[in-house]
Amino acid sequence: MVTQYEFTGTNAKGIAASIERGVAEGALPPGGALPPVRVLAERLGVSPGTVAATYKELRGRGIVLTRGRGGTVVAEAPAVASRRPPKVPPGLRDLSGGHPDQAFLPTRLPSARAAAGSRSHRSSPRLARLEELVRAWYERDGVPSAHVTFAHSGLDCIARLLSVELRPGDAVAMEDPGYHHLLDLVPALGLRSVPVEVDDEGIRPESLRAALRAGVRAVICSPRSQNPYGGAFSARRRDALVAVLAEAPDVLVIENDHASEIAGVPLHSVAAGGPGRWAQVRTVTKYLDSDLRWAAMACDAITLARHDGRLLLTSGWVSHALQEAVAGLLADPGARALVARARDAYALRRETLLRELAGHGLAAHGASGLNIWVPVCDEAAVVNGLRSSGWWVAAGARFRTGTAPAVRITTTDLLPEEAVRLAADFAGMLGERQATYGG
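Please read all numbers here as calculations on a predicted model, not as lab measurements.

> Explain the side chain of Asp 170 to me, using residue names and the numbers behind them.
Position of Asp 170 among the secondary structure elements: in the loop between helix 5 (154-165) and strand 5 (171-176). The exposure class of Asp 170 is buried, given its relative accessible area of 17%. Among the polar contacts listed, one links the side chain of Asp 170 to the backbone nitrogen of Arg 167, at a separation of 2.8 Å. At 2.7 Å, the side chain of Asp 170 and the side chain of Arg 217 are in polar contact. With near-sequence residues (within four places) excluded, Asp 170 lies in contact with Leu 191, Arg 192 and Arg 217.

> I'd like to hear about the packing of helix 1 (residues 12-25) against helix 3 (residues 48-60), residue by residue, with values.
For the pair helix 1 and helix 3, interaxial distance at closest approach is 9 Å and the crossing angle is 50°. On the basis of their axis angle, the class for helix 1 and helix 3 is oblique. Crossing handedness for the pair helix 1 and helix 3: right-handed. For the pair helix 1 and helix 3, the contacting residues are Ala 12, Ile 15, Ala 16 and Ile 19 in the first and Thr 50, Val 51, Ala 53, Thr 54, Tyr 55, Glu 57 and Leu 58 in the second. Partitioned by chemical class, the residues of the contact of helix 1 with helix 3 number eight nonpolar, two polar and one charged.

> Just give me the short version of the domain arrangement of the protein chain, but keep the residues and values in it.
The domain architecture assigned to the protein chain consists of domain 1 (12-74), domain 2 (93-101 + 335-437) and domain 3 (125-332). Using only C-alpha atoms to locate each centre, domain 1 and domain 3 end up separated by 34 Å.

> Now, about the nonpolar core: what can you tell me, with residues and values included?
Grouped together as the largest cluster of nonpolar side chains are 35 residues, with contacts concentrated most on Leu 130, Val 134, Ile 262, Leu 288, Leu 292 and Trp 294. At the level of secondary structure, the elements contributing two or more residues to this core comprise helix 4 (128-140), strand 4 (148-151), strand 11 (295-299), helix 10 (320-331) and helix 11 (333-359). Residue assignment places this core across two domains, with domain 2 (93-101 + 335-437) and domain 3 (125-332) each supplying three or more. With residues near it in sequence (within four places) discarded, Ile 262 still touches Lys 286, Tyr 287, Val 339, Ala 342, Arg 343, Tyr 346 and Leu 370. Ranked by size, the runner-up nonpolar core spans 26 residues in total, among them Val 194, Val 198, Cys 221 and Leu 245.

> With reference to specific residues and values, describe helix 4.
For helix 4, spanning 13 residues, the distance from its first C-alpha to its last is 18 Å, which sits close to the expected 18 Å at 1.5 Å a residue. As for helix 4, its buried residues are in contact with strand 4, strand 10 (277-283), strand 11 and helix 10. One or two residues past the end of helix 4 sits Gly 142, with phi positive at roughly 80°.

> Provide a residue-level description of the sheet that holds strand 4, including the pertinent values.
Ordered in space as 4-11-10-9-8-5-6-7, the eight strands form an open sheet in which the pairing is mixed. Of all the strands in the sheet, just strand 4 and strand 7 (202-203) have a single pairing partner and so form its edges.

> Can you tell me about empty space enclosed by the protein, naming the residues and giving the values?
Inspection of the entire model under this criterion finds three cavities of 30 Å³ or more. A volume near 50 Å³ is recorded for the largest cavity. Forming the boundary of the largest cavity are Met 174, Glu 175, Gly 178, Tyr 179, Leu 182, Leu 183 and Ile 220. Mapped onto the lining of the largest cavity, the elements with two or more residues apiece are strand 5 and helix 6 (180-188). Here the residues of the lining of the largest cavity are counted per class, giving five nonpolar, one polar and one charged.

> Kindly report on the pattern of salt bridges, identifying the contributing residues and their values.
Enumeration according to the criterion identifies 29 salt bridges in this entry. Across the pair Glu 247 and Arg 209 runs a salt bridge, and its minimum N-O distance is 3.0 Å. With Glu 247 in the loop between helix 8 (235-245) and strand 9 (252-256) and Arg 209 in helix 7 (residues 205-213), this residue pair connects regions lying 38 residues apart in the sequence. Classification of Glu 247 as partly exposed rests on a relative accessible area of 48%.

> Explain the packing of aromatic side chains residue by residue, including any values.
All told, the structure shown has six aromatic pairs when counted by the stated rule. When the ring centre of Trp 137 is taken as origin, the NZ or CZ atom of Arg 282, which lies over that ring, is 5.1 Å away.

> How would you explain the state of the cysteines if you had to name every residue and give the values?
Tallying each qualifying case throughout the model produces zero disulfides. Cys 157 takes part in no disulfide bond, and the closest cysteine sulfur, belonging to Cys 299, lies 7.9 Å away. Look at Cys 157 and you get buried, because its relative accessible area is 0%.

Definitions and cut-offs
Residues numbered from 1 in each chain as written. Predicted model: local features only at pLDDT ≥ 70, side-chain atom pairs only at ≥ 80, totals over all residues. Heavy atoms only, no water. Helix = DSSP H or I, 4+ residues; strand = E, 2+ residues; numbered from the N terminus. Buried < 20%, exposed > 50% of the residue type's maximum accessible area, 1.4 Å probe, protein only. Polar contact = N/O pair within 3.5 Å; in protein donor to acceptor, adjacent residues only side chain to side chain. Contact = heavy atoms within 4.5 Å. Axes fitted to C-alpha atoms, helices over the stretch in contact; angles between N-to-C directions. Parallel < 35°, antiparallel > 145°, perpendicular 65-115°, else oblique. Left-handed = near helix turned anticlockwise from the far one by under 90°. Nonpolar A, V, L, I, M, F, W, Y, C, P; charged D, E, K, R; others polar. Domains from an automatic or database assignment. Core = buried A, V, L, I, M, F, W, Y, C linked by side-chain atoms within 4.5 Å. Expected span 1.5 Å × (residues − 1). Pairing = 2+ DSSP bridges. 1 Å grid on protein atoms, 1.4 Å probe; cavity = no way out; pocket = protein on both sides within 12 Å on 5 of 7 lines; lining within 4 Å. Points joined across faces, edges and corners; volume = space filled by probe spheres on them. Salt bridge = Lys/Arg side-chain N within 4 Å of Asp/Glu carboxyl O. Phe/Tyr/Trp six-rings, centres within 6.5 Å; stacked < 30°, edge-to-face > 60°. Lys NZ or Arg CZ within 6 Å of the ring centre and 35° of its normal. Disulfide = S-S within 2.5 Å.

This is the structure we're talking about:
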């Protein structure tokens, strides 16, 4: 139980603010137990009903969880404190961030000034030039492009979709392991996550079917470059998922194709299989520039209307100047050639590390994308063991809900000769640990 923190407040609102402040500041850590209702009520001089109302509000906002006889505890990823990675210690080779190699990003962005005579943002929120490029982009990969729109980022787009489609307490099927920001976003919106297992071909049909039977109202998945596992839908897996989703035509399916041009594998999208409600979101931050906070979405007509209706009431539109910059890069032959080079280099670097690890008897996953996922017995021991050899990798805990421990290694700027050394250091570290601790 958390005993050091000084809870304050004389009503539900004040007590909730006190607890939220403690969580945000780290004084109430994830998994930490809060006092029983009657104990905290006596301590603060309020009624047990007031504390019960406080805990109910915090549960609805994803800050605490109730575990039956286990009492009320701080959520593992509370909505006021995201799964931030630890700071990289100085002097280490950082392979933890999931970022692209800067050498493959365009060195100069097109002018950010909107074209002369720019249209009204309200009457023409999307530049015709960029919309045409986006439709061709989707059509090239077999994704229906009759309805497209823009947003400020992939997370912005997905958050808006969930907020207009679902209500607090509704359930969302989420990849496990999955993208940590999405794992945080869902409870922050007052929604419940239902984990769905993944493998080298993406989400598993039988696990998705179980989630649908549990009553989820939306599914978020990655058709390729799944983060952190690296899975990618095969044509066979896509067909199997389409068949499962046909059993729940009212469920919204959101595909997050965040690394489309550099995933290294073809797209097999469930959108092409004709689900009733669907959206595919694409961004360019991983291969054009991290400051280009722009996303495209292809979707069905109802989803388009709901998304754009909410967008109009909030931020209104995506900057025309930003749209001009994105359009300039998407149409630039030099930028396209650089992206193609990045795609090939990333595939080589990812596959080299997988092969080197396999040569030491170490299984890993990374069928596509920017990272590989290496199952381990003890994440902290592996992270610290590799640190002693000069490497910094990401512990898998912030990507997992219920799956086994692992570490994520970003391979985008890992040169082949470095991969040889990293694999040897990884194997050597595990061998030393087994010799010392017996496992």
